[in-house]
Each structure stands twice: as structure tokens, then as C-alpha cells.
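Survey of secondary and tertiary structure
The residues making up each chain are set out below.
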Amino acid sequence: MTSIIGSETPASIDDCWNHIGVVGDQSCPRLPANVHCRNCDVYAGAAQRNLQRPVDAHYQRDWASHFRQIDAGGEVHDSSVLVFRIGREWLALPTRVFDAVAPQAKPHVLPHRSGRGLSGIVNIGGKLYPCMSLATLLGIDEQGAPPAKGRHTFARLLLLRWEEQAYALPVADLHGIVRYASGSLQTPAATINKGLSRYLSGVITEGDMRIGCLDTALIGFQLARLLR
């Protein structure tokens, strides 16, 4: 995990996440309950103090110089998505449709409403969310996915909102936010299974990852249909 603390951060901030947290030896007693250091109030407090640190003239001068540079005419990264994994597939939806990311929780099955993608309901922060299985909807096999190398992998719930209705979507791993140029969307490969390909608006590349961008309107429509 990249540290939120820069070289100019006051020494009073203890970057415990690099020592006993997910980047360190993972011996922190808070870690089992919080799942990840990003969910801990110690980490959040350090981030807040970091953002409030005094800015000196040298820092202002460097950033002013950076933003005065003339654009070389490269592609403008005008779109952003939240990238997550289901089974072996890396997928993405626009960041604007997400409310939050929550730790994994076991859904409570609704009588006579199991299957078809509706797994039940989950309680997140005292609020109930319908738990929807994108794996079932997209026809993705969730078994046999290899663990990511060099990363800490955590299953999570993505809290999505579409047309005033909130949903919880279980995912096997979360990569994070990726910005890209909307004009760089590529056509999905013909080898992608038909159940998934019909929901894709295109594919983007991030490092060695090929990420399928889901059609937001179509996914939203299908999620709403499953609740009827």
C-alpha cells in the first residue's frame, strides 16, 4: 500500500500501517476488525493531519511550475472507473455510481427470493442493502482464480447506487480507481464468454491488466429487474 505520508509530513505522525499494518508484519490488533488499514480511524486521522500540514513557499513554487507547463497534446484522461475483480475477470464501473466500499459481509437469504443474482440482504452501518451477485448475472465462474502476486487481496462489498436504489456487490478483489481517455476504449475480444461480452461497453488497459468496462445503464437495468 502506498503511504499517504510524504517527506514533508510532521514526524509526529506514526505511519503504523507500514510497520504493523498491511504493509508491515500485520500484527496490529485492529487489523482483523478493520480488514484493511484504509478502514481504520488511525489511518484516517493521519490522512487528515497530512492534508492540513503547513505548505511552504518551496512546495507552492514547485506545483505552480508544474501546472504552468504546456500540454504536449497527449490524450486527456477524462473518465474514471473503479476496477474490481470477479473470478478471473477484472471489471470496472464509473466511479460516480459508487457510494462506498465496505468489508465483506454474509448476506441473509430472503425466503422464496434466492438465485437469479439476488443473494439476500446485508447490513452495512445499520442500513440494509440488497446483495447482488454480478458473477451470476454475468456468467462468471468465481472458482479457481489465482491470487494476485505482490499485493494484499481482500474480498469486499461495493455499495453502488443506480436511480436512487442502492445495491451491495460482492467482489473478490479491488484494484482501485483508474483514469483513462474515453477515446481509448478498445473492442472486447471475441473470445470473451457471451454472457459477459453483452454487458461490456469496451476494454481498457492498465499496466498488464485488461479491464472490461461494464455498460452502466444495462447493469443498472438488470439489477433493478432482479428486485422486482
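Since the model is a prediction, treat every value here as computed from it, not as a measurement.

Quick look at the pattern of salt bridges now. All told, the structure shown has three salt bridges when counted by the stated rule. Here Asp41 makes a salt bridge to Arg30, at a shortest N to O gap of 2.8 Å. You can see Asp41 sitting in helix α2 (residues 41-51) and its partner Arg30 sitting in the segment before α1 (31-34), a full eleven residues away along the chain. The exposed category is assigned to Asp41, whose relative accessible area is 54%.

Next up on the list: unusual backbone geometry. Residues other than glycine seldom take positive phi values, yet Gln26 does so here, at roughly 60 degrees. Among the secondary structure elements, Gln26 is positioned in the segment before α1. Residue Gln26 is classed as partly exposed on the basis of its relative accessible area, which comes to 40%. Here Glu163, not a glycine, exhibits a phi torsion of approximately 50 degrees, which is positive. Structurally, Glu163 is set in the loop between β6 (156-162) and β7 (165-171). Taking the relative accessible area as the measure of exposure, Glu163 reaches 66% and is therefore exposed.

As a further point, take the state of the cysteines. Using the criterion set out here, one finds zero disulfides in the structure. No disulfide involves Cys16; its sulfur sits 6.1 Å from the nearest other cysteine sulfur, which is in Cys28. Accessibility expressed as a relative area gives 18% for Cys16, which makes it buried. Left without a disulfide partner, Cys28 is nearest to the cysteine sulfur of Cys40, which lies 6.1 Å away.

Moving on: the packing of aromatic side chains. For any pair of aromatic rings, the description rests on two quantities: the centre-to-centre distance and the angle between the ring planes. Overall, the coordinates contain two aromatic pairs when judged by the stated rule. Summarising the aromatic geometry, the rings of Trp17 and Tyr43 are spaced 4.9 Å apart at their centres and angled 75 degrees between planes, so their arrangement reads as edge-to-face. Taken together, the positions of Trp17 in the segment before α1 and Tyr43 in helix α2 put the pair 26 residues apart, joining distant regions of the chain. Given a relative accessible area of 10%, Tyr43 falls into the buried group. Taken together, a centroid distance of 6.3 Å and an interplanar angle of 55 degrees make the contact between Tyr59 and Trp63 tilted.

For the rest of this paragraph, the subject is α2. When we look at burial in α2, the residues that qualify are Tyr43, Ala46 and Asn50. The buried residues of α2 occupy an angular sector of 60 degrees when the element is viewed end-on, so they sit on one face. Every exposed residue of α2 that faces more than 90 degrees away from the buried side is listed here: Asp41 and Leu51.

Conventions we followed
- Residues numbered from 1 in each chain as written.
- Predicted model: local features only at pLDDT ≥ 70, side-chain atom pairs only at ≥ 80, totals over all residues.
- Heavy atoms only, no water.
- Salt bridge = Lys/Arg side-chain N within 4 Å of Asp/Glu carboxyl O.
- Helix = DSSP H or I, 4+ residues; strand = E, 2+ residues; numbered from the N terminus.
- Buried < 20%, exposed > 50% of the residue type's maximum accessible area, 1.4 Å probe, protein only.
- Disulfide = S-S within 2.5 Å.
- Phe/Tyr/Trp six-rings, centres within 6.5 Å; stacked < 30°, edge-to-face > 60°.
- Arc of directions from axis to C-beta.

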